[in-house]
Amino acid sequence: MRTYSTVCVSMEHRASMYCAAVQCRYLLMLLSMCLRTLATTDKPDLQQTQPQAPQPPQEFAHSIRLDGDIILGGLFPVHARGEPGSGSACGELKKEKGIHRLEAMMFAIDLVNKDPELLPNVTLGALILDTCSRDTYALEQSLAFVQALIERDSSDVHCANGEPPVFAKPDKVVGVVGAAASSVSIMVANILRLFGIPQISYASTAPELSDDGRYEFFSRVVPPDTFQAQAMLDVAMALGWTYVSTLASEGSYGESGVEAFLQLSRESGVVCVAQSQRIPREPVRGEFDRLVSRLLETPSARAVIMFANEDDIRRVLEAAKRNNLTGHFLWLGSDSWGSKVSPVLNQEDVAHGAITILPKRASVSAFDRYFRSRSLSNNRRNVWFAEFWEENFDCKLGMNPKRQFTGTLKKCTGLEKIGRDSTYEQEGKVQFVMDAVYAMAHALHKMQQDMCAGYPGLCPRMSTVDGKTLLGYIRAVNFSGSAKTPVVFSENGDAPGRYDIFQYQSSNTSDGEYKVIGHWVDKLHLDMDALQWSRAEDDTAMPSFVPSSVCSAPCQAGERKKVVKGVPCCWHCERCGGFQYQSSEVSCQLCPYEQRPNANRTGCTPIPIVQLDWHSPWVVIPVLFAVLGIMATACVAATFARYNDTPIVRASGREMSYVLLAGIFLCYAITFPMVATPNMAACSLRRVLLGLGMSLSYSALLTKTNRIHRIFEQGKRSVAPPRFISPPSQVAITCSLTSVQLLGVLAWFVADPPDAVVDYGEQRTQDPASARGTLKCDISDLALICSLSYSILLVVTCTVYAIKTRSVPETFNEAKPIGFTMYTTCIIWLAFIPIFFGTAQSEEKMYIQTTTLTMSLSLSASVCLGLLYLPKVYVILLHPEQNVPKHKRSFKAIVTAATMTSKLGQLASSDRPNGEAKTELCEPKPGSPPPSKNTYVSYTNHAM
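Residues numbered from 1 in each chain as written. Predicted model: local features only at pLDDT ≥ 70, side-chain atom pairs only at ≥ 80, totals over all residues. Heavy atoms only, no water.

Enquirer: Just checking my understanding: could you explain the overall build of the protein chain for this structure?
Expert: Each helix and strand counted, the protein chain has 25 helices and 27 strands in total. Out of the 944 residues belonging to the protein chain, those deemed buried represent 51%. Look at the contacts in the protein chain between residues 6 or more apart in sequence, and 68% of them connect residues 24 or more apart. Carbon and sulfur atoms provide 56% of the accessible area of the protein chain, an area that totals close to 43,400 Å². (Helix = DSSP H or I, 4+ residues; strand = E, 2+ residues; numbered from the N terminus. Buried < 20%, exposed > 50% of the residue type's maximum accessible area, 1.4 Å probe, protein only. Contact = heavy atoms within 4.5 Å. Areas by Shrake-Rupley, 256 points an atom, 1.4 Å probe, with all protein chains shown as cover.)

Enquirer: What is the right way to read unusual backbone geometry from this model?
Expert: Excluding glycine, a negative phi dihedral is what most residues carry, and trans is how most peptide bonds are arranged. Here the bond from Gly178 into Ala179 is cis, since omega is 0°, no more than 30 degrees from zero. In this structure, Leu119 is a non-glycine residue whose phi angle is positive, near 50°. Position of Leu119 among the secondary structure elements: in the loop between helix H4 (95-114) and strand S5 (124-130). Although it is not a glycine, Arg601 sits at a positive phi angle of roughly 60°. One can find Arg601 in the loop between strand S23 (595-597) and strand S24 (604-606). The exposure class of Arg601 is buried, given its relative accessible area of 13%.

Enquirer: What is the right way to look at the pattern of salt bridges in this model?
Expert: For side chains of opposite charge, pairing can occur when their charged atoms come near one another. Inspection of the entire model under this criterion finds 26 salt bridges. Of the charged contacts, one joins Lys360 and Asp500 as a salt bridge, the two residues approaching to 2.9 Å between their closest N and O atoms. A residue pair is termed long-range when its members are at least 10 positions apart, and Lys360 in the loop between strand S13 (355-359) and helix H12 (365-372) and Asp500 in strand S16 (residues 499-505) qualify at 140 residues. Take Lys360: its relative accessible area is 33%, and that puts it in the partly exposed class. Members of the salt-bridge network, linked through shared partners, are Arg193, Glu216 and Lys468. (Salt bridge = Lys/Arg side-chain N within 4 Å of Asp/Glu carboxyl O.)

Enquirer: Quick question: what am I supposed to make of the sheet that holds strand S6 (residues 173-177) here?
Expert: To summarise the sheet geometry, strands pair through backbone hydrogen bonds and adopt either a parallel or an antiparallel arrangement. A sheet is described by the order of its strands in space; here 6 strands give the open sequence S1-S5-S2-S6-S7-S8, paired in mixed fashion. Bordering the open sheet on either side are strand S1 (63-66) and strand S8 (218-220), each of which pairs with just one other strand. The average angle at which neighbouring strand axes cross in this sheet is 20°, direction not considered. Where strand S2 (residues 70-76) and S6 come together, 4 bridges link them in parallel fashion. Bridge pairing links Gly73 to Val176 in S6. Helix-sheet contacts for helix H14 (residues 430-451) involve S2, S5, S6 and strand S7 (199-201), and the interaxial angle to S6 is about 155°. (Pairing = 2+ DSSP bridges. Axes fitted to C-alpha atoms, helices over the stretch in contact; angles between N-to-C directions.)

Enquirer: Explanation requested: the side chain of Thr799 in the structure shown.
Expert: As for its placement among the helices and strands, Thr799 is situated in helix H22 (residues 781-804). At 2.6 Å, the side chain of Thr799 forms a polar contact with the backbone oxygen of Val795. Those residues in contact with Thr799 that sit more than four places away from it in its chain are Met822, Tyr823 and Cys826. (Polar contact = N/O pair within 3.5 Å; in protein donor to acceptor, adjacent residues only side chain to side chain.)

Enquirer: Looking at this structure, how should I read the sheet that holds S13?
Expert: Read from one edge of the open sheet, 8 strands run S10-S9-S11-S12-S13-S16-S17-S18, paired in mixed fashion. The sheet is open, and its two borders are formed by strand S10 (272-279) and strand S18 (523-526), each paired with just one other strand. Each adjacent strand pair in this sheet contributes to an overall mean axis angle of 25°, direction not counted. Pairing of strand S9 (residues 243-249) with strand S11 (residues 303-307), which is carried by 5 bridges, proceeds in the parallel orientation. Bridging across to S11, Ser245 finds its partner in Val304. Taken strand by strand, helix H8 (residues 252-268) contacts S9, S10 and S11, and its axis lies near 160° from that of S9.

Structural data, given as structure tokens:
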């Protein structure tokens with residue numbers, strides 16, 4: 001016990017320098033392993049009674065030792081982890097991940113030692129250990145790398161014969177190649193960092209190892225999982241897998257990889273993770289069936305992102321097959337799956353279509369030749385080669401086989417040949433193992449050149465290689481690797497991200513194989529045509545028949561996503577309504593006022609513009625009526641002009657008749673600018689002519705009725721005629737009344753210049769498909785009524801005078817026809833107002849209002865033309881015998897005769913049932929025929 005306590009005190013003194021940087025459990029394990037090592041090394045010496053010669057170097061259990069001037073450490077998963085409850089830390093042999101990789105290290109060391117240009121006169125050696133795919137066991141084994149750096153206190157150790165004790169000097173390891181699993185590398189890196197031993201991994205990809213503050217002596221020739229997670233995310237996005245689940249092996253590799261994927265998926269906002277499952281480090285029976293059942297809880301998340309070790313991958317596939325889920329899950333595996341055969345062996349159907357990722361690599365043909373030449377006779381340095389031989393050729397060696405057998409197997413002859421009597425395919429990480437060895441060699445070579453210039457071999461300065469200095473040389477290497485790809489390190493020891501994308505494809509005629517379908521170097525390049533999926537898959541929703549893994553189906557055109565709170569990849573689809581269009585995946589926006597959504601509501605199109613069409617019945621009828629009215633007006637005007645000096649024309653007041661005809665013509669003419677295509681000219685004409693025709697017509701009629709009224713009112717009081725009853729005065733009064741309308745129109749022009757506009761609100765219905773823009777003049781309904789208000793005032797005033805002059809004898813032929821004209825006109829415009837304003841909300845508003853207005857104007861003109869001019873034209877053309885001059889009387893005689901005629905008519909009305917009592921005011925000339933029943937009297941024919 002004294003010896004043990006002395007040594008332990010010495011070790012505690014050594015450990016005090018680094019205990020703050022390592023976890024307590026590592027320190028305690030280190031101390032316990034030191035005790036175990038000392039117990040197996042020093043205890044026999046205490047029992048010796050005679051001095052002994054120095055012991056040969058110790059053969060470590062589960063290790064390979066190669067002599068050399070510089071020793072490199074190696075960590076490889078030669079065996080799988082032992083089954084729970086088996087009592088053994090190590091399980092079955094791993095032919096590819098174990099034997100291929102450690103042989104690659106020895107092969108690379110052989111090549112370096114044979115190269116006269118690389119480390120001349122220096123021989124590399126190795127101490128290779130088996131990690132058994134377990135981090136705690138690897139930590140225990142890696143203590144062999146630091147034993148040379150642990151000082152031993154031998155002051156209290158004595159041999160029985162009095163001679164000083166002799167200790168076996170362990171090899172000093174300057175650098176370590178490995179390990180494979182990230183969890184193992186993390187565990188070992190903590191120990192190697194304490195003793196300043198650089199480490200280069202050939203397969204550890206956990207993002208955690210990029211932390212140069214915690215793992216400053218760690219480097220790797222494979223890219224970290226940060227790049228791998230980005231590549232896997234890009235693959236999922238390219239395939240449209242927006243709703244996925246993740247599955248990770250417990251430990252640094254799996255958990256760190258999934259965490260990197262989750263972080264990147266959150267940042268992308270495109271891919272959502274339905275659930276994350278973790279495979280326990282020591283799974284119990286039925287654990288994988290429960291994992292598969294939990295993945296089925298989100299059946300739409302068919303894609304499964306896997307950061308799991310090889311053994312876990314195989315067991316997950318087996319569980320999916322047992323549960324009849326072949327073809328349901330879409331596997332997307334990390335580099336731990338890569339292009340390995342063992343995870344998919346005997347379960348090709350469930351693995352069909354799996355997409356895997358692997359750091360970009362190439363097969364090293366020189367290693368193939370080397371490994372195929374290995375045999376039991378020429379490869380005795382590999383202590384596990386005999387076990388590999390039995391496993392590879394399925395035979396047993398002699399009476400003491402290296403592995404346990406169930407049943408009777410053939411005996412190995414030793415003449416079997418790799419690749420001939422067994423299948424052989426180079427393991428994917430062979431290239432990286434060789435690159436890691438060469439990175440160490442190049443760093444040592446550069447260090448030798450700098451420290452031992454001109455000195456053959458190792459100089460005294462390199463007798464003890466400083467790990468910190470060597471690390472600087474490692475980070476600075478830049479050479480072409482075994483696959484002719486550059487080997488470089490970033491400032492934190494990471495390799496650049498370069499990946500190949502594989503898909504496992506099987507067919508009825510051949511076993512499954514991994515086919516390269518793309519690559520990733522900063523961005524994804526994927527050959528969609530090279531993809532194959534389950535032959536039972538009938539999901540054709542995605543391009544190239546890619547099976548879907550989405551929470552919600554994509555919304556159709558014109559629909560927006562209403563995202564479920566907290567799950568951005570799950571949504572409900574809502575149709576954009578009204579005049580909205582789909583502006584983005586998640587929003588609808590209103591189209592500009594003059595536009596409406598297109599058929600699929602993905603954009604906006606101009607609203608169709610409508611206007612009155614010359615072929616429309618709404619236009620044809622008013623235009624035809626106006627044409628006929630203009631022709632009739634022209635005929636009347638021509639007849640009056642032809643018979644301008646005849647009594648009837650003169651009795652009608654020639655000047656005022658022509659003024660009235662001009663107003664009637666304008667009432668008909670307004671129809672054409674009203675139905676014409678709106679523009680500045682047409683709109684200007686509408687403003688001018690709309691009220692001008694009516695104001696001119698009814699100003700003339702008002703002047704006439706006012707003249708008659710004044711004449712008879714004046715006759716009751718005096719024999720003197722009233723003022724302003726001559727034709728020039730009548731024309732002047734008419735023009736004065738009409739000028740009020742023109743002045744109003746002029747003020748309107750100044751205040752609001754005419755223009756044509758498109759009114760999109762007039763026919764803007766709830767259904768955008770029926771929306772129309774109306775091309776019209778910039779005249780509101782109120783402005784239109786205001787424009788006609790003066791004319792309507794004239795109509796009302798004229799009607800009042802017509803009522804006042806209703807008792808004038810019918811011999812004065814102008815009074816009663818004017819009265820009938822005004823009564824009819826009032827009826828027309830009283831009907832116009834409810835029709836015009838009652839259709840303001842109608843879809844046919846433009847057509848109905850325009851037709852109603854033009855027809856009202858034309859009817860008003862037709863009434864004037866028919867009642868005031870048609871009888872006169874009839875007499876002029878068909879009864880010219882009645883168109884004869886009469887004797888002129890004085891104004892007093894005319895008024896007296898008219899008064900008497902009125903009274904006599906009232907007295908005789910009872911005797912004459914038809915009211916035909918007449919008093920002729922004009923006597924015929926001698927020899928003239930008797931006067932007709934109707935006698936036309938004009939005040940202009942008499943002296944006033």
